[in-house]
Amino acid sequence: MATILFDGIAYGMLLFVLACGLSVTLGLMNFINLAHGAFAMLGGYVTAILMSRWQVPFFLCLPAAFLAAAAVGLVLERILYRQLYRRSPLDQVLFSIGIVFMAMAAADYLMGSEQQIIQLPDYLRGRVEVLGIGIGIYRALIIVICGVLVLVLQGVLARTRFGSRLRAAVDDPRAARGLGIRVDTVFAVTFAMGSGLAGLGGALGAEILGVDPTFPLKYMIYFLIVVTVGGTSSLTGPFLAALLLGIADVAGKYYVPAAGSFVIYTVMIVVLLLRPQGLFARGGGR
């Protein structure tokens, strides 16, 4: 039971890293970016290529995946996404879905349709026994990285001048510009950060989830569930939702394998029946 709980926490942490960028763009920027998974796929492919073809150490691949996804996100934001900020949610959904299919086609053309699975270094494989609990070394690493990431992101968004400027830019762009805030720059940096976080999640999840051209569609529903159940007022909601859903998913697949894939949807339905706005409802704002 304890091992299942540990694996569920690790899976939930991974879900959070994959989804927290969407939480930033959707919750703080009010922009529906369903192409979020494409940036995660990019991070996974960058990691797979660097490790398999150029033998780059795994820990160097993580910042490379973040930077690659952030750079692509920044370029797309400047060229395409910025045109959609004030458009209707339907326009944003249709546009980002188009980006998803374009990314899938490009990945299939460049990398082929087969799944890319990375080989972790020996020191990250296997399990160790701690107080009778089988702890996967790599999953423990994911928990540590994600825990640090949660603290850093929450601190940046809640306690720094940049976080204050972002909230001001979203709530009232005209007033923010009048105060000297460069709204376009704030949005560009935020979108790039969210894309980079998706790339980092894709790099961390490449060994567990695998990476193939269908990745953006395959895991889109998981990203949306995390953000929907957690709410969009802060990162705390998606973080707790990711942990809850990760534990429920792993436990469900272990105890009721015939229906394990549906457990995560059952949890989502129950939570939304009790809390229609998610675990943490969004407060004021535009």
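Bear in mind that the values here come from a model prediction, so they are computed numbers and not experimental data.

**A short note on the packing of aromatic side chains**
Part 1 of the argument: Per the stated rule, a full pass over the model turns up 14 aromatic pairs.
Part 2 of the argument: Considering the side-chain rings of F31 and Y85, the 5.5 Å spacing of their centres and the 90° angle between planes classify their relative orientation as edge-to-face. In this pair, F31 sits in the loop between α1 (2-28) and α2 (36-54) while Y85 sits in the loop between α3 (58-79) and α4 (89-111), placing the two residues 54 residues apart along the sequence. One exposure class covers both F31 and Y85, and it is buried.
Part 3 of the argument: Taken together, a centroid distance of 5.6 Å and an interplanar angle of 70° make the contact between F58 and F59 edge-to-face.
Part 4 of the argument: A relative accessible area of 37% means that F59 is categorised as partly exposed.
Part 5 of the argument: Every member of this aromatic cluster is reached through a ring pair, and the members are F31, F39, Y81, Y85, F95, F187 and F191.

**Considerations on helix α12 (residues 260-274)**
Part 1 of the argument: Given a rise of 1.5 Å per residue, 15 residues ought to cover 21 Å, and the 22 Å separating the end C-alpha atoms of α12 matches this to within 8%.
Part 2 of the argument: Taken together, the buried positions of α12 are G260, V263, I264, V267, M268 and V271. Along α12, the residues classed as buried sweep out an arc of 135° about the axis, all on the same side. Counted as exposed and oriented over 90 degrees from the buried face of α12: F262 and L273.

**Observations regarding the UniProt feature "transmembrane region" (unreviewed entry) in the protein**
Part 1 of the argument: Those places that UniProt annotates as "transmembrane region" (unreviewed entry) correspond, in this numbering, to residues 6-24, 57-81, 93-111, 131-158, 179-200, 220-247 and 254-274.
Part 2 of the argument: The straight-line gap between the two end C-alpha atoms of residues 93-111 is 26 Å; of that span, 100% is helix and 0% is strand.
Part 3 of the argument: For the annotated span residues 131-158, helix accounts for 79% and strand for 14% of the residues, and the straight-line distance between the end C-alpha atoms is 37 Å.

About the thresholds
Residues numbered from 1 in each chain as written. Predicted model: local features only at pLDDT ≥ 70, side-chain atom pairs only at ≥ 80, totals over all residues. Heavy atoms only, no water. Phe/Tyr/Trp six-rings, centres within 6.5 Å; stacked < 30°, edge-to-face > 60°. Helix = DSSP H or I, 4+ residues; strand = E, 2+ residues; numbered from the N terminus. Buried < 20%, exposed > 50% of the residue type's maximum accessible area, 1.4 Å probe, protein only. Expected span 1.5 Å × (residues − 1). Arc of directions from axis to C-beta. UniProt positions renumbered as here; feature names shortened; annotations may be inferred.

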